[in-house]
Amino acid sequence: MTRAKRSLGQNFLIDVGFQKRIVASLDLHPEDEVVEVGPGTGALTKHIVATGARVIAVELDDDLSDALELQYSLSDNIRVIHGDALDTDFSTIGDKLPEQRKIVGNIPYNITTPLLFHLLARNARPERIIVMIQKEVADRILAAPGEKTYGALSVGVRAIAKARRLFNVPRGAFRPSPDVESTVLEIRPLRPFPLSVEEEHDLRELTRAAFAWRRKQFQKILRGAQIYGLSAEQVAHIAEATGSDLEHRPETFSPEQFIILARALRSAGFPHAAG
């Protein structure tokens, strides 16, 4: 059995039942194109290939990448890319347009958040993403406003996509067994895009500022954050324009409320560049 490398956060899914459930959630057809992130030993790959769908496998590990290339050297419907998924341009990786593509992966827990946002980059958003991630991270993505785990990740993902938990995966389904529980999450980017490029930027800036001081009232954050620096009068104007109670903390604002607030701030000339 291939030895997992802790430096790469590897935990191999060995339970065939869960392997098949993950691939089934992709609802694959022979005409589909699937990007598999971190195929590892090919536990999911073999089930995807069996559907007839075209596979693009992105694997960082030298040995595993070489083994996959050797295993599928005679197959026309799989391409192995040896490289880091965080450095991969997913907008041009395949033959189909990004919105016609599906992405699946058992994502290393140590890069989950940056990789998710990389996969959700505006020019690369696929039709759907099926990922196995740490249950705690899935809980944060799915958390409701006011819950302890609700934060910038919740707003950032759900402002541009619908997310739902498909099922949890116990530690015993992996070798080596991880220290945490896992969740298989489905993320479907919204189309048409609900936000413009500028609005997505504004929302990122607002959530970054808001949850850096999540225990403060929103009005204090807007007055104190360097990229905003609103006066008391400007805060009152924004509150009236959006119907928001800015004496509440940001953790009580839904993703939709964050979008409304970001748009009102842009209309008022914020955020401005930090100096």
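Scroll up to find the structure this text is about.
About the thresholds
- Residues numbered from 1 in each chain as written.
- Predicted model: local features only at pLDDT ≥ 70, side-chain atom pairs only at ≥ 80, totals over all residues.
- Heavy atoms only, no water.
- Helix = DSSP H or I, 4+ residues; strand = E, 2+ residues; numbered from the N terminus.
- Buried < 20%, exposed > 50% of the residue type's maximum accessible area, 1.4 Å probe, protein only.
- Contact = heavy atoms within 4.5 Å.
- Areas by Shrake-Rupley, 256 points an atom, 1.4 Å probe, with all protein chains shown as cover.
- Core = buried A, V, L, I, M, F, W, Y, C linked by side-chain atoms within 4.5 Å.
- Polar contact = N/O pair within 3.5 Å; in protein donor to acceptor, adjacent residues only side chain to side chain.
- Phe/Tyr/Trp six-rings, centres within 6.5 Å; stacked < 30°, edge-to-face > 60°.
- Axes fitted to C-alpha atoms, helices over the stretch in contact; angles between N-to-C directions.
- Parallel < 35°, antiparallel > 145°, perpendicular 65-115°, else oblique.
- Nonpolar A, V, L, I, M, F, W, Y, C, P; charged D, E, K, R; others polar.
- Pairing = 2+ DSSP bridges.
- Right-handed = clockwise from strand over helix to strand, strands pointing away.
- Salt bridge = Lys/Arg side-chain N within 4 Å of Asp/Glu carboxyl O.

Along the protein chain, the regular secondary structure elements total 10 helices and 9 strands. Dimensions of the protein chain, computed from the C-alpha atoms along their principal axes, are close to 70 × 40 × 35 Å. Within the protein chain, the proportion of its 275 residues that are buried is 49%. If you take every contact in the protein chain between residues at least 6 apart in sequence, the share linking residues at least 24 apart comes to 68%. In the form shown here, the protein chain has an accessible surface area of approximately 13200 Å², with 50% of it arising from carbon and sulfur atoms.

Moving on, we come to the nonpolar core. Grouped together as the largest cluster of nonpolar side chains are 56 residues, with contacts concentrated most on Phe90, Leu206, Phe218, Tyr228, Leu246, Phe258 and Leu265. Looking at which element gives the most residues to this core, the answer is helix α10 (residues 255–267), with 6 residues. Other than its neighbours up to four places away in sequence, leucine 265 contacts Leu206, Leu222, Tyr228, Leu230, Ile238 and Phe270. By size, the runner-up hydrophobic cluster in this structure holds 24 residues, among which are Leu13, Leu44, Ile48 and Met132.

Turning our attention to the environment of arginine 101. Tracing the backbone shows arginine 101 in strand β5 (residues 101–106). Arginine 101 sits 66 residues away from valine 35 along the chain, and the two C-alpha atoms are 7.5 Å apart. If near-sequence neighbours (up to four positions away) are discounted, arginine 101 is found in contact with Glu33, Val35, Phe90, Ser91, Ile93, Gly94, Lys96, Pro126, Glu127 and Arg128. Polar contacts involving the side chain of arginine 101 include one to the side chain of glutamate 33, which spans 3.1 Å.

Geometry of an aromatic ring pair is reported as the spacing of the ring centres plus the angle between the planes. For the structure on display, the rule yields 6 aromatic pairs. When the ring of phenylalanine 211 is compared with that of phenylalanine 258, the centres are 5.5 Å apart and the planes differ by 25 degrees; the resulting orientation is stacked. You can see phenylalanine 211 sitting in helix α7 (residues 197–212) and its partner phenylalanine 258 sitting in helix α10, a full 47 residues away along the chain. By relative accessible area, phenylalanine 211 is classed as buried at 13%. Note on phenylalanine 258: relative accessible area 0%, which makes it buried. Ring geometry for phenylalanine 218 and phenylalanine 258: centres 5.6 Å apart, planes at 55 degrees, overall tilted. A residue pair is termed long-range when its members are at least 10 positions apart, and phenylalanine 218 in helix α8 (residues 218–224) and phenylalanine 258 in helix α10 qualify at 40 residues.

Now for the packing of α7 against α10. At their nearest, the axes of α7 and α10 sit 9 Å apart, and the two run at 110 degrees to each other. Relative to α10, α7 is oriented roughly perpendicular. Contact with α7, carried on its side by Glu199, Asp202, Leu203, Leu206, Thr207, Ala210 and Phe211, involves Phe258, Ile259, Leu261, Ala262, Arg263, Leu265 and Arg266 of α10 and no other residues of that element. Of the residues belonging to the contact of α7 with α10, the class tally is 9 nonpolar, 1 polar and 4 charged.

Quick look at the pairing of strand β4 (residues 78–82) now. Across 5 bridges, the pairing between strand β3 (residues 54–59) and β4 is parallel. Bridge pairing links alanine 57 to valine 80 in β4. This β-α-β element, β3 to helix α3 (residues 62–71) to β4, shows right-handed connectivity.

So, on to the pattern of salt bridges. As enumerated under the stated definition, the model contains 18 salt bridges in all. Aspartate 32 is paired through a salt bridge with lysine 102; the nearest N and O atoms lie 3.3 Å apart. Taken together, the positions of aspartate 32 in the loop between α1 (16–24) and β2 (33–37) and lysine 102 in strand β5 put the pair 70 residues apart, joining distant regions of the chain. For arginine 122, the salt bridge identified is with glutamate 200, shortest N-O distance 2.6 Å. Pair noted here: arginine 122 is in the loop between α4 (112–119) and β6 (128–134) and glutamate 200 is in helix α7, with a separation of 78 residues, a long-range link. Among the ionic contacts, a cluster of salt bridges with common partners joins Glu127, Arg128, Arg164, Glu186 and Arg188.

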